[in-house]
Amino acid sequence: MSLNQRSLWHQTHTQQDTLSASPARLELVPERTSDLELYTADMLRRTQAELQWYRSLYEQTPAIYLSVNAAGTILSVNQFGANLLGYKPEELITTSVFNLLEFSDRQRLSETFIELFSAVHPKHSIKAEYRLHCPNSKITQVKTTLKILPDGEYPEKSPVILMVCEEVSQPTNQTAMQVQLAEMESLTHLKEEFLSTVSHELRTPLTNMKMAIQMLGIALQQEQNFSQEMAKPPAERSKAARYFAILDNECEREINLINNFLDLQRLDSNGKPWVLETIQVQQWLWRVVELFHARNRGICKQKIHLRIAPHLPPLVCDPFSLERIFIELLTNACKFSPPDAEITVSAELNSQNMQFQVINSGVEISSSELPHIFEKFYRIPSNDPWKQGGTGLGLALVQKLIKQLEGTIEVESGSNRTCFMVQLPLHHKI
């Protein structure tokens, strides 16, 4: 073979080898394309699964997620939130978020929107509570956080507001009752501590003052025959006697005020137990009137008459409470009656009740004032011509005591007389 023939043979076989090798190299390209498609499809499946997981998480998160536009139109809501509000998601889309709230709270939400859009900081959020107006809702009130979504994070041309609403848990009736009972017990404890403090801090110094005034009266009696000076009319007494009378009267008045106030507080808290005894009304009432007259000769210038029906049955009652009632009613009658007037105390049987009356003459209570005389600290204007003074608690205490004894009290006033009528049951359930 010549040199030219060898060269031609080499070129020919080289081209054939090249042509025969080309299909082998082209067969590798489809294999690389198939791997890329498989990888892309796998990534797509993973992304879709992750998106589905996030979607499910959004739909079932135990809160209400709402996105609304600036006009308040609902753009989206999660499934859990829609169910909680009593709707299907498609029923809420394109409706107004304001319709979900009580009418009085809609204006507040509108003002919140304005404040949100007026905020300088783009990430500003606002928290508020609103009452719902959803007939089928499982909740009645929500705690809401509102925030404007940044541009580009929602496929809307106008700004989008994200509203995240959480239920404001309402206590059950039993829980609320337990809370109220605990608060009442705490208040009762505080009131008892207060009463104890008042009893010690006020009563003790006043008792000491009263004792000092009495000792002063004894000393003046020994030095100046003071009892004769005090027996004179107030205008004719010496300065020392007048000052002594003011001290004694005002100190006694403050002691009565504190005692009445504390007794009222104990009655309000039912802290004063009964001591029931069988009372023979005729002997008992005579003793109480005599005791009152002996202790109050200075203020009681009137004549007190007893009128007791014969053969009265015994009365089962707390004698200490009943005595306090009569002392207060007699004190009231003496203060508001002329010195020469008459006060009548009567007792008689009325059906199954024991009926007592304390009647004083010479003064009337107007019909407009009658409904108020049992109120605490109430004093009838210009109805104390003899300036006897008073605490305004006496009749309030009387009413409380009678109520505790399961009785009633009524008052009538007219024809220049006033009558307080008390009715008590003959027997009490112990």
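Residues numbered from 1 in each chain as written. Predicted model: local features only at pLDDT ≥ 70, side-chain atom pairs only at ≥ 80, totals over all residues. Heavy atoms only, no water.

### Observations regarding a nonpolar patch on the surface
We count it as follows: A patch consists of residues exposed above 30% relative accessible area that lack any salt bridge, with like charges linked at up to 9 Å and nonpolar side chains (Val, Leu, Ile, Met, Phe, Trp, Tyr) linked at up to 5 Å. Only the protein chains shown count as cover for residues, and all accessible areas are computed by the Shrake-Rupley method using a 1.4 Å probe. Salt bridges, as used here, are contacts in which a Lys or Arg side-chain nitrogen is within 4 Å of a carboxyl oxygen on Asp or Glu. Think of it this way: any DSSP run of H or I at least four residues long counts as a helix, any run of E at least two long counts as a strand, and we number them from the N terminus.
A surface patch of nonpolar side chains, about 350 Å² in accessible area, is lined by Trp53, Tyr54 and Leu57. With respect to the helices, strands and loops of the structure, Leu57 is situated in helix α2 (residues 28–60).

### Let's talk about the nonpolar core
One broad rule of soluble globular proteins: the nonpolar side chains tend to lie buried together. Selection criterion: Buried Ala, Val, Leu, Ile, Met, Phe, Trp, Tyr and Cys residues that are joined via side-chain atoms within 4.5 Å together make up what is termed a nonpolar core. Think of it in three bands: residues with accessible area under 20% of the maximum for their type are buried, residues over 50% are exposed, and the middle band is partly exposed, with areas taken using a 1.4 Å probe on protein chains only. Contacts are assigned to residue pairs that have any heavy atoms within 4.5 Å of one another.
Core analysis: the biggest nonpolar cluster contains 41 residues, and Leu322, Phe326 and Phe356 have the highest contact counts within it. The set of elements that each furnish at least two residues to this core consists of α9 (281–295), β8 (315–317), α10 (319–335), β9 (342–350), β10 (353–361), α11 (394–404), β11 (408–414) and β12 (417–425). Among the elements that make up this core, the one with the highest residue count is α10 (seven residues). For Leu322, the contacting residues outside a window of four places in its chain are Ile279, Trp284, Leu315, Cys317, Leu405 and Leu424. In this structure, Ile74, Val142, Leu146 and Ile148 belong to the second largest nonpolar core, which totals 28 residues.

### Some points on unusual backbone geometry
Its identity as a non-glycine residue notwithstanding, Thr94 has a phi of 75 degrees, on the positive side. Here Thr94 shows up in the loop between α4 (89–92) and α5 (103–118). Positive phi, close to 60 degrees, is recorded for His311, a residue that is not glycine. Along the polypeptide, His311 turns up in the loop between β7 (303–308) and β8.

### As for the packing of α9 against α10
Put simply, the rule reads: Axis lines are fitted through C-alpha atoms, for helices just across the contact stretch, and the angle between N-to-C directions can take any value from 0 to 180 degrees. For classification, angles of less than 35 degrees are called roughly parallel, those exceeding 145 degrees roughly antiparallel, those between 65 and 115 degrees roughly perpendicular, and all remaining angles oblique. Put simply, a crossing is left-handed when the front helix is turned counterclockwise from the back one by less than a right angle, and right-handed when it is turned clockwise. Only Asp, Glu, Lys and Arg are considered charged in this grouping, and only Ala, Val, Leu, Ile, Met, Phe, Trp, Tyr, Cys and Pro are considered nonpolar; every other residue, Gly among them, is considered polar.
Between α9 and α10, whose axes approach to 10 Å, the crossing angle comes to 50 degrees. Comparing their axes, α10 and α9 come out oblique. Once α9 is placed against α10, the crossing between them reads as right-handed. Together, Trp284, Leu285, Arg287, Val288, Val289, Leu291 and Phe292 of α9 and Pro319, Leu322, Glu323, Phe326, Ile327, Leu330, Thr331 and Cys334 of α10 make up the contact between the two elements. Taken together, the residues of the contact of α9 with α10 break down into twelve nonpolar, one polar and two charged.

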